[in-house]
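# Structure assessment
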Amino acid sequence: MNIPNILTLLRIILTPVLVIFLMEGSYFKALIVFAVSGLSDGLDGFLARTLKQQTKLGAYLDPIADKALLTSSFLTLAILGILPGWLTVVVISRDCIILLGIAVLSFMSISVEIRPAFISKVTTMLQLLTVLMVLMVHGLAGGGEYSGMYLMYWVTALVTILSGIVYLIRGIRLINSLQ
């Protein structure tokens, strides 16, 4: 266990705290927890690389922490009627399709190196920014809708879909290369 992995675990632990604040309508507190979680996401990777403390555990925990944070945020905000349900379906469906693909490859005894594509990093950043923007509007400005939010929703959805397609193509190529 090292500092980057502890930061990742902190992000996992903060996820239910975030959901509780959202459910209570404490958007400013949720914003703070989300911002700390987002900063820890960047910091854990940076520290792992610079301190040469990249571990197999961290390689598994980091995407789990990201998915827990983002899935919980999107789902809770959609249930509360703050984020559009269709966007939440796109975000969660992509992750389910990726997990299903990994399971299929595993059942076929095809070894998979879990390495994010560049577009996947962009997708995660856009999803984080989308939630951050919504929390800022509700936590700092008291709510409301702004036209820029809808553009952000559509850009996030489009990049999320493209990212899913990239992984789908990777999986198909991997299967075809072994036949």
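One way to put it is that helix α5 (residues 118-140) packs onto helix α6 (residues 147-177) with a least axis distance of 9 Å and a crossing angle of 155°. Judged by the inter-axis angle, α5 sits roughly antiparallel to α6. Judged by the sense of rotation from one axis to the other, the crossing of α5 with α6 is left-handed. In this structure, α5 uses Ile119, Ser120, Val122, Thr123, Leu126, Gln127, Leu129, Thr130, Met133, Val134 and Val137 to contact α6, whose residues at the interface are Gly148, Met149, Met152, Tyr153, Val155, Thr156, Val159, Thr160, Leu162, Ser163, Val166 and Tyr167. Of the residues belonging to the contact of α5 with α6, the class tally is 15 nonpolar, 8 polar and no charged.

So, on to the packing of helix α2 (residues 27-50) against α5. The packing of two helices is summarised by the inter-axis angle and the distance between the axes. Where α2 contacts α5, the axes come no closer than 8 Å and their chain directions differ by 150°. The angle between the axes of α2 and α5 places the two elements in the roughly antiparallel class. Remark: the crossing between α2 and α5 carries left-handed chirality. Residues Tyr27, Phe28, Ala30, Leu31, Phe34 and Asp41 of α2 touch α5, and the partners they reach there are Leu128, Val131, Leu132, Leu135, Met136, His138, Gly139 and Leu140. Along the lines of polarity and charge, the residues of the contact of α2 with α5 split into 11 nonpolar, 2 polar and 1 charged.

On to the environment of Leu140, then. Positionally, Leu140 belongs in helix α5. Leu140 gets classed as exposed once you look at its relative accessible area, which sits at 54%. C-alpha separation for the pair Leu140 and Leu10, spaced 130 residues apart in sequence, amounts to 25 Å.

Summarising the element assignment, Met1 is placed in the segment before α1 (3-24). Under the relative-accessibility criterion, Met1 is labelled exposed at 66%. Every residue in contact with Met1, bar those within four places of it in the chain, is listed here: Ile6, Leu9 and Leu57.

Below, the discussion takes up the pattern of salt bridges. The tally for this structure, following the rule as stated, stands at 6 salt bridges. Where Asp41 meets Arg11, a salt bridge forms, and the shortest distance between an N and an O atom there is 3.3 Å. Placement of Asp41 in helix α2 and of Arg11 in helix α1 is noted, with a sequence separation of 30 residues between them. Overall, Asp41 belongs to the buried group, its relative accessible area being 15%. The salt bridge partner of Arg94 is Asp95, with a shortest N-O separation of 2.7 Å. Assigned by exposure class, Arg94 and Asp95 land together as buried. Shared partners join several salt bridges into a network, and the residues in it are Arg11, Asp41, Asp44, Asp62 and Asp66.

Here we take up unusual backbone geometry. Although it is not a glycine, Lys52 adopts a positive phi angle of roughly 55°. Tracing the sequence through the fold places Lys52 in the loop between α2 and α3 (56-79). The class of Lys52 is exposed, set by a relative accessible area of 73%. Notably, Ser109 is not glycine yet its phi reads approximately 60°, a positive angle. Mapped onto the fold, Ser109 is located in the loop between α4 (85-107) and α5.

Aromatic ring pairs are described here by two measures, namely the spacing of the ring centres and the angle between the planes. With the rule as written, the count across this model stands at 2 aromatic pairs. Aromatic side chains Tyr150 and Tyr153 sit 5.6 Å apart centroid to centroid with 85° between the ring planes, which places their arrangement in the edge-to-face category. With Tyr150 and Tyr153 both in helix α6 and 3 residues apart, the pair spans about one turn of that helix.

Cut-offs and rules
- Residues numbered from 1 in each chain as written.
- Predicted model: local features only at pLDDT ≥ 70, side-chain atom pairs only at ≥ 80, totals over all residues.
- Heavy atoms only, no water.
- Axes fitted to C-alpha atoms, helices over the stretch in contact; angles between N-to-C directions.
- Helix = DSSP H or I, 4+ residues; strand = E, 2+ residues; numbered from the N terminus.
- Parallel < 35°, antiparallel > 145°, perpendicular 65-115°, else oblique.
- Left-handed = near helix turned anticlockwise from the far one by under 90°.
- Contact = heavy atoms within 4.5 Å.
- Nonpolar A, V, L, I, M, F, W, Y, C, P; charged D, E, K, R; others polar.
- Buried < 20%, exposed > 50% of the residue type's maximum accessible area, 1.4 Å probe, protein only.
- Salt bridge = Lys/Arg side-chain N within 4 Å of Asp/Glu carboxyl O.
- Phe/Tyr/Trp six-rings, centres within 6.5 Å; stacked < 30°, edge-to-face > 60°.

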